[in-house]
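# Architecture and fold: a report
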Amino acid sequence: MQGRTTWLLLAPAALWFGIMLVLPLCFIVVFSFGDRGPAGGYVPAFTLAQYANLPSRFAVFRNTLTLAPLGTLMALVIAYPLAYFLALQASPRWRTLLLILVIVPFWTSILIRSYAWIFLLGGQGIPALFAWAGIPLPRLVNTPFAVLTGIVYGYLPLMVLPIYVSLDRLDKRLLEASADLGAPPFRSFLQITLPLSLPGVATGCMLVFILLMGEYLIPSVLGGGLVFFIGNALVDLFLQSRNWAFGAAVSVSLVVIMLITVSAYMWLMRRLGGARDDVSLM
Amino acid sequence: MTDKIDHISRQKFMEELRRYQKGSVTRRHFLGVTGLGAASAVLAAAVPALRPRPAFAEGSIGDKVVLATWPNYHDPADFDAFTAKTGAAVQVNVFGSNEEMLAKLQAGGSGWDVFVPTNYAISTYVAQGIIDPLDMTKVPAYDAASFDARFAGAGTVDGKLYALSKDWGTTGMAVNTKMLNGLPTPTSWKEFWDMTMGPFSGRTMVHDYQLTTIGNALKYYGYSFNSLDPKELADAEKLLMAAKPHLFGINSDYQPSMRSGDAWMTVCWTGDASQMHRDLPEIVYVVGKEGGEIWSDFYAIPKSAPHPEAAHALVNFLLTPEINAKEALFHGYPVADARVNKLLPPEIMNDPILHPAAELLSTLEFGAAATLTDPNRAELMARFKSA
């Protein structure tokens, strides 16, 4: 009886993952050892040529592996004070309103919001304001800076919410006790608030980082074809140059890089001790 | 709520029905006064199967047709007219390269009924078994004799007609002359690339596909636009890689950036140039004097088209000279159909953007089929974009 319930509970997810994740992944691995077809596409083969060609895509791996962690870090630096304010400083009435405002951007497609950034960063947007004030800016659109702005903006709510939750659950009596025992506020923050909010920080960073590593849309809209992430190189390989075998090899490398970085990150979090048993990935 | 009782009395309804039956009023008038039109429209919106199926000229072709085409390439009003005439709504998917269209069709399940390949892509579609010869009994609007064979010829492969000429054009460069600051307007691809790496650094755009971007880099050295020679391609790659840090963007949809003034110069198709020049006269169009691309686009129907009847009906509609003339006025590309050209105003027929001087046209090359599938050109372009 127990076993059957377990199976019934797990069946939908297992089926979904089996068909939608494991099966395509198997195809990708098989393709990555194949060759490009004469008119593009894939022909079966067994060769390591695709993997040997990976260094030619050094720039996209470099872009992704610098901009994704940098974007995560910037989102964290901006999100933490906001979450702190929401959880510990804002009055309950304002808090609800402000939390709704954090979520409001999700009501519109990220595509439309990214297009809006083209106008904001374009010559008639923010640079025009600066020029009017006598400060000439270099070009902003289609630069790594534009992509970074876009990803930090796009993923900020995903960083704010988990940190907010962990700060909101914080036992406020600990802060009172700390103050009673004579600790100045900054010390209480360092020794109580910060360590207890680390699970939220870990979750937020993980969430944002994983999504950023696979990001395609924001670099393609705000990078103007000049700032490629691995995702953009993949779309290009599958849809433009139609080298599915090489595209598959790049995909497999992305999966491997993700496995390594995410495992290292989780190991580090455990080592730091900040992330206790209740570290959740979501 | 209003007090006016706007439903029709029984007696009046019968009177109107008689008038309609006698033919003294139109069907539209009858449906309008009786309110039946509005009622069936409301019902149809909720229950598609209840949509009226009037006897359209093309017969019953279903309620939907999917068209894969290029940016800024059709007058939406013409699609509305097609839907009003046949009952089939046109769903439009926009693409920026032949490579992308080929990839979607190779992968299968595109769901397209009609798509718009360029001359050099058609033989590959035939060889891959992706398109079928057209059923010309369903495209009576097409009159082969009135089409210029230079532009319509690529639609015929092995003696069979696979694709019908939509329009043609050149690939030159559009330059915002306001930004030149006294410099001369570039006239050649050599000057295009030198400007890009010089005074126009950070302000130039190139297409997001291999044929023209690599082709116009080959032209810098005076090589053929279609070259597959490894040494010549290596030279082109060197130029592209050197120019990349100076580019504003790699994107086939360059109108927004050119119009906003963020980009000052771009590789450009005829129609985009005439659309931009119409609104911003300072944006001029130049055909590189070493040559470059001349091309023609076609309507073709994939084997896998879910609505082949509607597909033929749509092609037939769009190639009807009156409609095709409206399309040409909208998209600003020249059309190969002499019947259409007779309907167009003389200023369009004399426009140097649409019809460059003969000595400029003579240096241009049609894209070669081999460039579409050549692995070296594909990989070069992918490397350039991933650099």
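Conventions we followed
Residues numbered from 1 in each chain as written. Chains lettered and ligands numbered in written order. Predicted model: local features only at pLDDT ≥ 70, side-chain atom pairs only at ≥ 80, totals over all residues. Helix = DSSP H or I, 4+ residues; strand = E, 2+ residues; numbered from the N terminus. Buried ≥ 20, exposed ≤ 12 C-beta atoms within 10 Å, placed from the backbone. Contact = placed C-beta atoms within 7 Å. Nonpolar A, V, L, I, M, F, W, Y, C, P; charged D, E, K, R; others polar. Pairing = 2+ DSSP bridges. Expected span 1.5 Å × (residues − 1). Core = buried A, V, L, I, M, F, W, Y, C linked by C-beta atoms within 7 Å. Domains from an automatic or database assignment. pLDDT = per-residue confidence, 0-100.

## Structural notes on the overall build of chain A
Broken down by element type, chain A carries 12 helices and 0 strands. By principal-axis analysis of the C-alpha atoms, chain A measures approximately 75 × 75 × 35 Å. For chain A, buried positions account for 36% of its 282 residues.

## Brief notes about the overall build of chain B
For chain B, the count of helices and strands is 19 helices and 12 strands. When each of the 387 residues of chain B is scored for burial, the buried share is 46%. Looking at chain B alone, contacts between residues at least 24 apart form 76% of all its contacts between residues at least 6 apart.

## Notes on the interface of chain B and chain A
Taken together, the 29 residues of chain B in the interface contact 28 residues of chain A. Every element with two or more residues in the side of chain B that touches chain A is listed here: helix H5 (98-107), strand E8 (247-250) and helix H19 (375-386) of chain B. Here the element with the most residues in the side of chain B that touches chain A is H19(B); it accounts for 8 residues. Here the residues of the side of chain B that touches chain A are counted per class, giving 11 nonpolar, 11 polar and 7 charged.

## A short note on the environment of Asn226(B)
Residues and elements named next belong to chain B. Assignment of secondary structure puts asparagine 226 in the loop between helix H9 (210-220) and helix H10 (230-243). Accessibility expressed as a C-beta count within 10 Å gives 20 for asparagine 226, which makes it buried. In contact with asparagine 226, other than residues within four places in its own chain, are Gly215, Glu365, Gly367, Ala368 and Thr371.

## Focus: the pairing of strand E6 (residues 163-176) of chain B
Residue and element names in this part refer to chain B. By the criterion of burial, E6 is predominantly enclosed, with 14 of the 14 residues buried. As judged from the 8 bridges shared by E6 and strand E11 (residues 292-300), these two strands associate in the antiparallel manner. Bridged to alanine 163 within E11 is alanine 300. Both E6 and strand E9 (residues 265-269) contribute to a ladder of 5 bridges, which runs antiparallel. Paired with alanine 174 across the two strands is threonine 266, which belongs to E9. As paired elements, E6 and strand E10 (residues 283-286) share 4 bridges and run antiparallel to each other. In the sheet register, asparagine 176 faces E10, and the bridge partner there is isoleucine 283.

## Quick word on the environment of Phe225(B)
All names here are of chain B. Here phenylalanine 225 lies in the loop between H9 and H10. Judged by the 27 C-beta atoms lying within 10 Å of it, phenylalanine 225 falls in the buried class. Note: C-alpha distance between phenylalanine 225 and alanine 103 (122 residues apart in sequence) is 23 Å. Excluding residues within four positions of it along the chain, phenylalanine 225 makes contact with Gly215, Leu218, Lys219, Gly291, Gly292, Glu293 and Glu365.

## Let's talk about the pairing of E9(B)
Residue and element names in this part refer to chain B. The buried fraction of E9 is high, at 5 of 5 residues. Taken together, the 2 bridges between strand E7 (residues 204-206) and E9 define a ladder with parallel strand orientation. Across the sheet, methionine 205 pairs through a bridge with threonine 266, a residue of E9.

## Description of helix H4 (residues 92-103) of chain A
Here H4(A) contains 12 residues, and its C-alpha end-to-end distance of 17 Å stays within 8% of the 16 Å for a straight helix at 1.5 Å per residue. Along H4(A), only 0 of the 12 residues are buried, which leaves the element largely exposed.

## A short note on the nonpolar core
Most often, soluble globular proteins keep nonpolar side chains buried together rather than apart. Counting residues in each nonpolar core, the largest one holds 150 residues, and the members touching the most others are Val114(B), Ala174(B), Ala300(B) and Leu314(B). It is helix H7 (residues 144-168) of chain A that contributes the most residues to this core, 13 residues altogether. Composition of this core by domain shows at least three residues from each of domain 2 (64-168 + 295-349) and domain 3 (169-294 + 351-386) of chain B. Other than its neighbours up to four places away in sequence, Leu314(B) contacts Val65(B), Leu67(B), Phe82(B), Val90(B) and Val114(B). Judged by nonpolar contacts, the second largest core, of 12 residues, contains Trp168(B), Ala325(B), Tyr333(B) and Ala336(B).

## Let's talk about the confidence of the model for chain A
Across chain A, pLDDT averages 90, with 96% of residues at or above 70. Note on residues 275-282 of chain A: pLDDT under 50 across the span, and 14 contacts to partners over four residues away in sequence or across chains.

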